[in-house]
Amino acid sequence: MISVSLCMIVKDEEEVLGRCLESVKNVVDEIIIADTGSKDRTKEIARQYTDKVYDFEWKDDFSAARNFSLSKGTKDYLMWIDADDVLPEKSVWEMLKLKEELPPDTDVVMLPYAVAFDSRGKSTFTYFRERIVKNSGDFRFEGRVHEAIPPAGNVHYSDVLIEHRKIHSGDSSRNLRIYEDMEEKGEVFDSRSLYYYGRELLFHEKYKKGAEVLQTFLNCPDGWIENKIDATRQLAYCFYGLGNDNRALCALLEGLAYDVPRGETCCDLGRHFMDRGKYEQAVYWYGQALSAKKADRSGAFITEECYGYLPAISLCICYDRLGKYELAETYNEMAEGFSPGSAFCSANREYFRERRSDGQKKNPNIH
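Because the structure is a prediction, the values reported are computed rather than measured.

Criteria and thresholds
- Residues numbered from 1 in each chain as written.
- Predicted model: local features only at pLDDT ≥ 70, side-chain atom pairs only at ≥ 80, totals over all residues.
- Heavy atoms only, no water.
- Helix = DSSP H or I, 4+ residues; strand = E, 2+ residues; numbered from the N terminus.
- Buried < 20%, exposed > 50% of the residue type's maximum accessible area, 1.4 Å probe, protein only.
- Lys, Arg positive; Asp, Glu negative; His and termini not counted.
- Salt bridge = Lys/Arg side-chain N within 4 Å of Asp/Glu carboxyl O.
- Contact = heavy atoms within 4.5 Å.
- Polar contact = N/O pair within 3.5 Å; in protein donor to acceptor, adjacent residues only side chain to side chain.
- Pairing = 2+ DSSP bridges.
- Axes fitted to C-alpha atoms, helices over the stretch in contact; angles between N-to-C directions.
- Parallel < 35°, antiparallel > 145°, perpendicular 65-115°, else oblique.
- Nonpolar A, V, L, I, M, F, W, Y, C, P; charged D, E, K, R; others polar.
- Phe/Tyr/Trp six-rings, centres within 6.5 Å; stacked < 30°, edge-to-face > 60°.
- Lys NZ or Arg CZ within 6 Å of the ring centre and 35° of its normal.
- Arc of directions from axis to C-beta.

Draft legend 1. Quick peek at the side chain of Glu-264. In this fold, Glu-264 is placed in helix α10 (residues 263-275). Summary of buried charges: Glu-264 has no salt-bridge partner, and the nearest side chain of opposite charge, Arg-233, is 5.7 Å away. Apart from residues no more than four positions distant in its own chain, Glu-264 is found in contact with Arg-233, Phe-301, Ile-302, Thr-303, Cys-306 and Tyr-307.

Set out below in structure tokens:
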């Protein structure tokens, strides 16, 4: 069985740190905590689980802090999570099994990360992260923000799910400030940093600059394909924000050049045409979304509803607008199958019942 050092960076996490460490304490062999300047009870809580609590001066560089924590690990493998992450009960047993069965030549272990949930607690947004690495000194984080360890060597995929259960929002402008500071200082942006800088600019509604940065990223020959596919969607949102719908459509279509269409892109294309009353074209793209390839082990950001509920409920709307009511009802029931108890599907069902009985012409709902 392999041994694992859990290596974390924290700051002012008194509300969530105990929950996190309680969930992982029985599956790791060592806990390393690097505190970057807490002013609450974070370090006191950490010391209830480990005596390896270190201070690290924050330098607006997540990789520097994380690499410091990794440097303190002494076990076979190093694992990282954030203070507002938890290991669900099912994952505890799966993690113990992973430790027993992991091939000894494994360098990197990729685990699924669930970061958004619906009202029933079901994950709606997941992707794989490099979560456990061999303690060889060969694996370190890169990037001041949106940091990552480049996977290399023998990479093993496991289904041990980690959940991101945030209680409060953090500093929403922090990442953008770091990127803007990098730009002001003339630091060189690698392709990954350009991608995330563009996303941050879009989030802060800086559409013109965001479009410029994302286009620069898309022109990088070494850009990761999954980031490029997603960047075409983010670029489209920038153009929508600038009021340039034609360039937005061109950006979405560019995403089709990199691989078979993803459900997220197909849904965006469907929405583009549906919003403009072009329902036959919308039907085509939403239909493609229902059969699209889900690259769930590629590391891509996966929006689960784009492979089921969203295209189904959208097809319901489109077919209703086209006067094809039986098909509209069929897709409403399909959507209900993807999201049992959906209030939208229930409202649509009532609309169809009333339309059959008295011919009322209301519009069904869409998520």
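Draft legend 2. Examining the side chain of Asp-85 more closely. Assignment of secondary structure puts Asp-85 in strand β5 (residues 85-86). Here Asp-85 sits buried without a salt bridge, and the closest side chain of opposite charge, Arg-131, lies 4.2 Å off (N-O distance). Of the polar contacts made by the side chain of Asp-85, one reaches the backbone nitrogen of Asp-82; its length is 2.8 Å. A distance of 2.8 Å separates the side chain of Asp-85 from the side chain of His-164, its partner in a polar contact. Not counting residues up to four positions away in its chain, the partners in contact with Asp-85 are Cys-20, Tyr-113, Arg-131, Ile-162, Glu-163 and His-164.

Draft legend 3. Layout of the pairing of strand β7 (residues 123-134). Within β7, nine of the twelve residues are buried, which leaves it mostly tucked inside the rest of the structure. Summarising the sheet, strand β4 (residues 77-79) and β7 pair through three bridges and their orientation is antiparallel. Within the sheet, the bridge partner assigned to Tyr-77 lies in β7 and is Lys-134. Looking at chain direction, strand β6 (residues 108-117) and β7 are connected through nine bridges and run antiparallel. Among the inter-strand pairings, Pro-112 is bridged to a residue of β7, identified as Phe-128.

Draft legend 4. Molecular detail of the pattern of salt bridges. In total, this model carries 33 salt bridges according to the counting rule given. In this structure, the salt-bridge partner of Glu-147 is Arg-66, at a minimum N-O distance of 2.6 Å. Here Glu-147, found in the loop between β7 and β8 (155-157), pairs with Arg-66, found in helix α3 (residues 62-71); they are 81 residues apart in sequence, far enough to count as distant. By relative accessible area, which is 9% here, Glu-147 ends up buried.

Draft legend 5. The packing of helix α8 (residues 225-241) against helix α9 (residues 245-254), seen in detail. Relative to each other, α8 and α9 sit at 175 degrees, their axes nearing to 8 Å. Considering the angle they form, α8 stands roughly antiparallel to α9. Each of Thr-232, Arg-233, Leu-235, Ala-236, Phe-239 and Tyr-240 in α8 lies in contact with α9, whose residues at this interface are Asp-245, Arg-247, Ala-248, Ala-251, Leu-252 and Glu-254. Classifying every residue of the contact of α8 with α9 by side-chain character gives seven nonpolar, one polar and four charged.

Draft legend 6. Geometry of the packing of aromatic side chains. Considering all chains together, one arrives at 17 aromatic pairs under this definition. The interplanar angle of 35 degrees and the centroid separation of 5.6 Å between the aromatic rings of Phe-125 and Phe-301 together place this pair among those described as tilted. Of the two residues, Phe-125 sits in strand β7 while Phe-301 sits in the loop between α11 (279-290) and β10 (302-303), which places them 176 residues apart along the sequence. Chaining the aromatic ring pairs together yields one cluster made of Tyr-113, Phe-125, Tyr-127 and Phe-301. Over the aromatic face of Trp-80 sits the side chain of Arg-131, whose NZ or CZ is 4.1 Å from the ring centroid. When the ring centre of Tyr-325 is taken as origin, the NZ or CZ atom of Arg-355, which lies over that ring, is 3.7 Å away.

Draft legend 7. Quick look at α9. By the burial criterion, the buried members of α9 are Ala-248, Leu-249, Ala-251 and Leu-252. Angularly, the buried residues of α9 cover 160 degrees about the axis, an arc narrow enough to put them on a single face. Exposed residues pointing more than 90 degrees away from the buried face of α9 are listed as Asn-246 and Cys-250. The inward-facing, buried residues of α9 contact α8 and α10.

Everything listed here is a matter of coordinates, which is why it stays silent on function.
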